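Structural features, examined
Single-letter residue listing:
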Amino acid sequence: CRDMELMRLKLKSSVHTQFKYEDNRKMLISSVSHDLKTPLTSIISYIELLQQEEIENEEARKYIDILAERSERLKHLIEDLIEASKATTGNLSMDMGIIQLDELVKQIIGEYSDKIEEQGLDIIYSRMEKTSIIADGKHMWRVVENLVNNIIKYTMQNTRVYIDVFIEEGYGILTMKNVSKEPLNVEPAELTKRFVRGDESRTEEGFGLGLAIADSLVQLQKGKFEISIDGDLFKVCIKIPVTHNEN
């Protein structure tokens, strides 16, 4: 009995230490992100001033444009870090209401139509039903927007993307299927972790925080977030509770 009690106390202490570590890690990420944002804003402002100058040296202008592009990318990354920190800790306000999931998806696809066309992607609505869900409109927009951005960045050019929206077993369901332009040599669950790459041998930009943020936001809305991989076929499925009438 004494040994069992000691094991119980050790386990309790270990769990407490783990939770404390996670809390401190998330606080550190949030704090560092905010500290980085202020000087970065100043850097972006100076770059914009340089872009307005009459600089004859073409190489110098090219370097300034590269700085502008990289600083904007860093800005978005810091904003994603802050949002990911809030989402994983549940430190986000929720304004739940009735959302038309099918209309939301079509609206976001419409807003990104230029980028979709640039990649030669053909969006196929294979099943698009009227689907009312209980969700936060702002956070749900971010979820779908992140999924669409993921498709634009990582889908093989000139291929089809299949999108379904329907109701099943009390959930409004959204699925997106696309063919990855890079090998997906990773477990599906790993893709919702920070900065995981589809192929770990690659050196360029990874999947970033988009899927991780979408996963956290879906869970905060009492939903489910699932990823499956079949060869180079990537499929994401989100499930959000429907309204009582449709349930």
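Rules behind the numbers
- Residue positions within a chain follow its written sequence, with the count starting from 1.
- Given that this is a predicted model, residues contribute local features only at a pLDDT of at least 70 and side-chain atom pairs are listed and counted only at 80 or more, while totals for whole chains, interfaces and linings are drawn from all residues.
- Computation of side-chain values: all heavy atoms of the structure, hydrogens and water removed.
- Here a strand is any run of E in DSSP of at least two residues, a helix any run of H or I of at least four, and the numbering for each starts at the N terminus.
- The cut-offs for exposure are 20% and 50% of the maximum accessible area for each residue type, with area from a 1.4 Å probe on protein chains only; residues under the lower value are buried, those over the upper are exposed, and the others partly exposed.
- Here, residues are in contact when the closest pair of their heavy atoms is within 4.5 Å.
- Each accessible area is a Shrake-Rupley result for a 1.4 Å probe, and residues are judged covered by the shown protein chains and nothing else.
- Starting at the helix axis, one direction is taken to each C-beta atom, and the arc is that of these directions.
- Here a salt bridge means any side-chain nitrogen of Lys or Arg lying within 4 Å of a carboxyl oxygen belonging to Asp or Glu.
- Residues enter patches when they are more than 30% accessible in relative terms and free of salt bridges; like-charged ones are connected within 9 Å and nonpolar ones (Val, Leu, Ile, Met, Phe, Trp, Tyr) within 5 Å.
- In short, DSSP must find at least two bridges between two strands for them to pair.
- To get an axis, fit a line to the C-alpha atoms, keeping to the stretch in contact for a helix; angles then go from 0 to 180 degrees between the N-to-C directions.
- Note on terminology: a nonpolar core comprises buried Ala, Val, Leu, Ile, Met, Phe, Trp, Tyr and Cys residues joined through side-chain atoms within 4.5 Å.

1. Side note on the overall build of the chain
- Within the chain, the regular secondary structure consists of six helices and seven strands.
- Counting helices and strands in the order they occur from the N terminus, the chain gives α-α-β-α-α-β-β-α-β-β-α-β-β.
- Taking all 247 residues of the chain together, 37% fall into the buried category.
- Here the analysis covers contacts within the chain between residues at least 6 apart in sequence; of these, 71% occur between residues at least 24 apart.
- As displayed, the chain offers around 15100 Å² of accessible surface, 51% of which is attributable to carbon and sulfur atoms.

2. Some details on helix 3 (residues 101-111)
- Taken residue by residue, helix 3 has Leu101, Asp102, Leu104, Val105, Ile108 and Ile109 as its buried positions. Buried residues in helix 3, looked at end-on, bunch into an arc of 165 degrees, giving them a common side. For helix 3, the exposed residues lying more than 90 degrees away from the buried face are Glu103 and Glu111.

3. Side note on the pattern of salt bridges
- For the structure shown, the criterion picks out four salt bridges.
- Across the pair Glu69 and Arg70 runs a salt bridge whose closest N-O atoms are separated by 3.1 Å.
- Taking the relative accessible area as the measure of exposure, Glu69 reaches 41% and is therefore partly exposed.
- Taking the relative accessible area as the measure of exposure, Arg70 reaches 51% and is therefore exposed.

4. Considerations on the environment of Val165
- You can see Val165 is positioned in strand 4 (residues 160-168).
- Take Val165: its relative accessible area is 0%, and that puts it in the buried class.
- Residues Val165 and Glu103, spaced 62 residues apart in sequence, show a C-alpha to C-alpha distance of 9.7 Å.
- Apart from the residues lying within four places of it in its own chain, the contact partners of Val165 are Leu101, Asp102, Val105, Arg127, Met128, Glu129, Thr131, Ile173 and Leu174.

5. What to know about a nonpolar patch on the surface
- A contiguous nonpolar patch, built from Met94, Met96, Ile98 and Ile134 and spanning about 330 Å² of accessible area, is present on the exposed surface.
- Relative to the helices and strands, Ile98 resides in strand 1 (residues 96-100).
- On the basis of relative accessible area, Ile98 is assigned to the exposed category, the value being 62%.

6. Re the sheet that holds strand 5 (residues 171-179)
- Strands sit in the order 2-4-5-7-6 across an open sheet of five strands; the sheet is mixed. Either end of the sheet is taken by a strand with one partner, and the two such strands are strand 2 (122-128) and strand 6 (224-230). Pairwise comparison of adjacent strand axes, ignoring direction, gives a mean angle of 15 degrees for this sheet.
- Sheet topology note: the strand 5/strand 7 (residues 233-241) ladder contains nine bridges and is antiparallel. By the bridge assignment, Val179 is partnered in strand 7 with Leu233.

7. Points about the nonpolar core
- Core analysis: the largest hydrophobic core is formed by 38 residues, its most contacted members being Met140, Val144, Leu147, Leu174, Met176 and Phe225.
- Residue assignment for this core shows that the elements contributing at least two residues are helix 3, strand 3 (132-136), helix 5 (137-154), strand 4, strand 5, helix 6 (210-220), strand 6 and strand 7.
- Per-element tally for this core: the top contributor is helix 5, with seven residues.

Geometric values such as these leave the question of function open.
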